[in-house]
Amino acid sequence: MARRNFVKLSVAGAASLMVAAAGGCAPSAQKGGTEASYTAGTYTGLGKGKRGDITVSATFSDKAIESIEVTDSNETKRIAAMAFDRIPKDVMELQSLNVDVTSGATLASMGVIDAIADCVDQAGGNSNALRKGASRPKSEDVVDLECDVAVLGAGAAGMAAAVAAGQSGASTVVFEKSCFFGGNCLVSGGVMEHTRAPENLRAELTDGWKTYFNNRIEDHRKAGTDASLIDEVVKQWDDYYATGSTKVFSSPEFLALDLMMLEGNTYEFQHSYAQDAADCLDWLTDLGMEFKPLDGITGYPYPHFTNVKGGECGYGWFNFYESTMDANDFPITMLLETPAEELIVEGGRVVGVKGTCADGTQYNVKAKKGVLVCTGGYSGNKELLVEHDKLWDWKSLETIPCDNTYGHTGDGIVMAQSVGARFDTLDYNQMVLPTVNARTLIPEDQIWNPALPVLFNSKGQRFVDELQDRFTLTKAIMAQGGEVWSVSDANNCLLDENGISTFSGVDVQNLIDIGAVYKAETLEEIAKWAGFDENEFLTTIDDFNESVKSGADETCGRTAFDDTCYIKTPPFYTFPITWSMHITLDGIAANENGEVLDEQGNPIPGLYAAGEVVCGTRGVGSQGKGLSAVRHMLA
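Now for a description of the structure that goes with this document.

As for unusual backbone geometry
Among all residues save glycine, negative phi is the norm, and among peptide bonds the norm is trans. That bond from P570 to P571 is cis: its omega, 0°, falls within 30 degrees of zero. Considering the arrangement of structural elements, one finds P571 in the loop between α15 (534-550) and β20 (572-584). Despite not being glycine, Q95 has its phi angle at roughly 50°, a positive value. Along the chain, Q95 turns up in the loop between α1 (77-94) and α2 (106-122). On the basis of relative accessible area, Q95 is assigned to the buried category, the value being 15%. Residues other than glycine seldom take positive phi values, yet E337 does so here, at roughly 55°. Considering the arrangement of structural elements, one finds E337 in the loop between β11 (332-335) and β12 (340-346).

Some remarks on the side chain of T361
Its location among the elements puts T361 in the loop between β13 (349-356) and β14 (362-373). Taking relative accessible area as the criterion, T361 reaches 3% and is therefore assigned buried. Polar contacts involving the side chain of T361 include one to the side chain of S139, which spans 3.3 Å. Apart from the residues lying within four places of it in its own chain, the contact partners of T361 are S139, D141, V143, G355 and T356.

Some points on the state of the cysteines
Evaluation of the coordinates by the stated rule reveals 0 disulfides. The thiol of C556 is not disulfide-bonded; the next cysteine sulfur, from C565, is found 14 Å away.

With respect to a nonpolar patch on the surface
Taken together, the side chains of V101, L107 and M110 define a hydrophobic patch exposed on the protein surface, amounting to about 240 Å² of accessible area. Mapped onto the elements, M110 comes out in helix α2. A relative accessible area of 40% means that M110 is categorised as partly exposed.

Some details on the packing of aromatic side chains
This structure, assessed with the given rule, holds 28 aromatic pairs. Centre to centre, the rings of W485 and F532 are 6.1 Å apart; their planes meet at 85°, and the pair counts as edge-to-face. Here W485 is found in strand β18 (residues 484-488), whereas its partner F532 is found in the loop between α14 (523-530) and α15, with 47 residues between them in sequence. The class of W485 is buried, set by a relative accessible area of 8%. Take F532: its relative accessible area is 8%, and that puts it in the buried class. Aromatic ring contacts, followed pair by pair, group W209, Y212, F213, W237, Y240, Y241, F249, F254 and Y302 into a single cluster. One cation-aromatic arrangement involves K177 over Y406; the distance from NZ or CZ to the ring centre is 5.5 Å.

What counts, and at which threshold
Residues numbered from 1 in each chain as written. Predicted model: local features only at pLDDT ≥ 70, side-chain atom pairs only at ≥ 80, totals over all residues. Heavy atoms only, no water. Helix = DSSP H or I, 4+ residues; strand = E, 2+ residues; numbered from the N terminus. Buried < 20%, exposed > 50% of the residue type's maximum accessible area, 1.4 Å probe, protein only. Polar contact = N/O pair within 3.5 Å; in protein donor to acceptor, adjacent residues only side chain to side chain. Contact = heavy atoms within 4.5 Å. Disulfide = S-S within 2.5 Å. Patch = residues over 30% accessible without salt bridge, like charges linked within 9 Å, V, L, I, M, F, W, Y side chains within 5 Å. Areas by Shrake-Rupley, 256 points an atom, 1.4 Å probe, with all protein chains shown as cover. Salt bridge = Lys/Arg side-chain N within 4 Å of Asp/Glu carboxyl O. Phe/Tyr/Trp six-rings, centres within 6.5 Å; stacked < 30°, edge-to-face > 60°. Lys NZ or Arg CZ within 6 Å of the ring centre and 35° of its normal.

Here it is as structure tokens:
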């Protein structure tokens with residue numbers, strides 16, 4: 001199969017994005033837009049995006065729109081990149097505002113269109129007429145392709161698999177429903193467990209982490225976990241510190257025990273996940289990826305987790321994948337805005353997939369080695385949540401808050417079931433995130449240390465050990481009415497060296513401007529803005545700071561603190577917190593090689609799955625499962 005051309009888009013204020021161009025999901029030209037008359041000149045317009053104002057500069061002649069540039073925005077860069085590039089081009093080509101939004105970036109697209117309309121009106125044109133102007137007809141093209149591997153979904157698992165396949169020389173076609181690759185990683189902390197991290201990346205060992213480890217070991221002994229597994233991890237701990245290390249211990253085996261208590265599932269499953277994640281980071285290290293120091297995250301406090309240098313949130317992983325594909329000219333075809341719709345089965349074997357691009361082009365792809373489903377979970381599909389979840393009472397809710405990016409509606413699960421795949425469930429099969437910004441429902445809009453947060457109820461009182469698992473935290477927040485508050489100070493809010501962004505790179509001032517975060521010089525101001533009882537709140541702060549000093553928390557029983565936990569140094573920050581649907585833990589049944597299983601437990605020939613679409617798998621660490629599955633496919 002010949003490799004299709006790619007165009008690298010460079011967008012003002014946005015990261016570059018690899019998208020299919022010639023012969024792919026790109027619109028064909030149509031001339032002849034609505035006649036218009038303008039006052040020639042350059043105008044600046046504003047439109048509302050998802051994260052605030054989008055600013056556009058447009059230049060007009062007396063008869064036409066000559067140039068358009070998005071000059072400022074707080075949108076998530078990779079998600080909005082195609083909208084910022086393509087919409088201005090389409091508007092200029094058609095001389096019309098009747099252009100398609102980009103899949104997965106609807107609000108950003110509408111913001112750009114509205115900003116251009118603002119410029120049109122300032123120039124004396126009629127934006128309402130242009131919104132009814134020329135549009136681009138849908139393509140009727142049918143494209144047949146052949147490849148070695150077809151990957152459905154371009155998130156963490158899918159892109160790891162695609163790059164590994166491309167590295168091996170296997171021709172690969174990637175179907176992606178949205179206009180970007182990166183999936184939920186782009187709106188998350190982007191962290192992954194690095195159990196084999198070098199010493200220089202590991203956190204210092206504290207009494208709190210010793211206690212955490214010993215408690216986890218004791219938890220497993222009480223639960224009746226195989227003693228040989230527990231003893232192995234204890235020996236690993238002893239051997240590690242016999243070397244004289246002062247850093248925090250980690251291993252795939254201890255991570256497996258930790259995840260069993262935090263998420264459930266069997267040791268075998270969690271150890272397979274941990275081992276694959278470790279192997280994946282070894283592979284990425286060999287490719288040249290560099291990592292940040294390890295830390296914990298909300299609900300997973302032990303410092304197992306790292307991120308990539310050179311990218312906010314989960315951007316770093318995909319910046320690296322993009323640059324690696326670009327530098328090596330891997331035979332990878334990206335079909336963005338092209339959701340997979342149907343698996344092709346011949347002689348009882350899955351041999352390909354069909355999908356339709358947003359522009360109407362139909363793709364029929366035959367894959368010699370098989371199809372790998374990496375389409376994510378179904379956090380955005382209320383019907384499936386109600387059908388499969390027995391832990392939470394979704395039926396009583398009119399809407400279910402969800403912090404996912406576009407497209408996580410269980411399409412891949414339904415496709416796999418249509419060819420006989422088994423759906424597996426867990427006792428705790430739905431994962432909610434207890435700590436999203438209640439004003440934006442975006443996990444990255446947090447001004448705090450996500451590993452060691454402090455939470456307050458509406459009265460300004462602490463109400464839970466903040467280092468509990470996510471299920472426990474969510475239930476506690478629900479019991480407080482569904483909305484609580486974070487408070488942090490200058491030392492634990494994790495601003496960057498310029499003091500302008502959160503730990504995930506989000507501009508704090510923008511969050512303040514849109515009312516999602518409040519900044520104050522005194523705790524009394526924080527209490528007033530949040531509506532706390534001032535005396536209760538100040539007493540709670542004093543008690544908490546004393547717990548940090550002593551290491552003993554009589555209020556909520558928390559055991560882990562460090563010197564950044566104190567709340568005493570201005571400026572102070574607060575924001576409202578709620579829960580949201582974040583991850584689905586049940587899904588397609590697959591074995592450790594990624595082979596999808598039928599109702600009898602037999603592999604379905606040619607069909608593989610990795611990532612959140614598989615029962616029990618979740619998060620950035622699912623890259624390891626994508627890598628493992630594609631290696632098995634190509635073996």
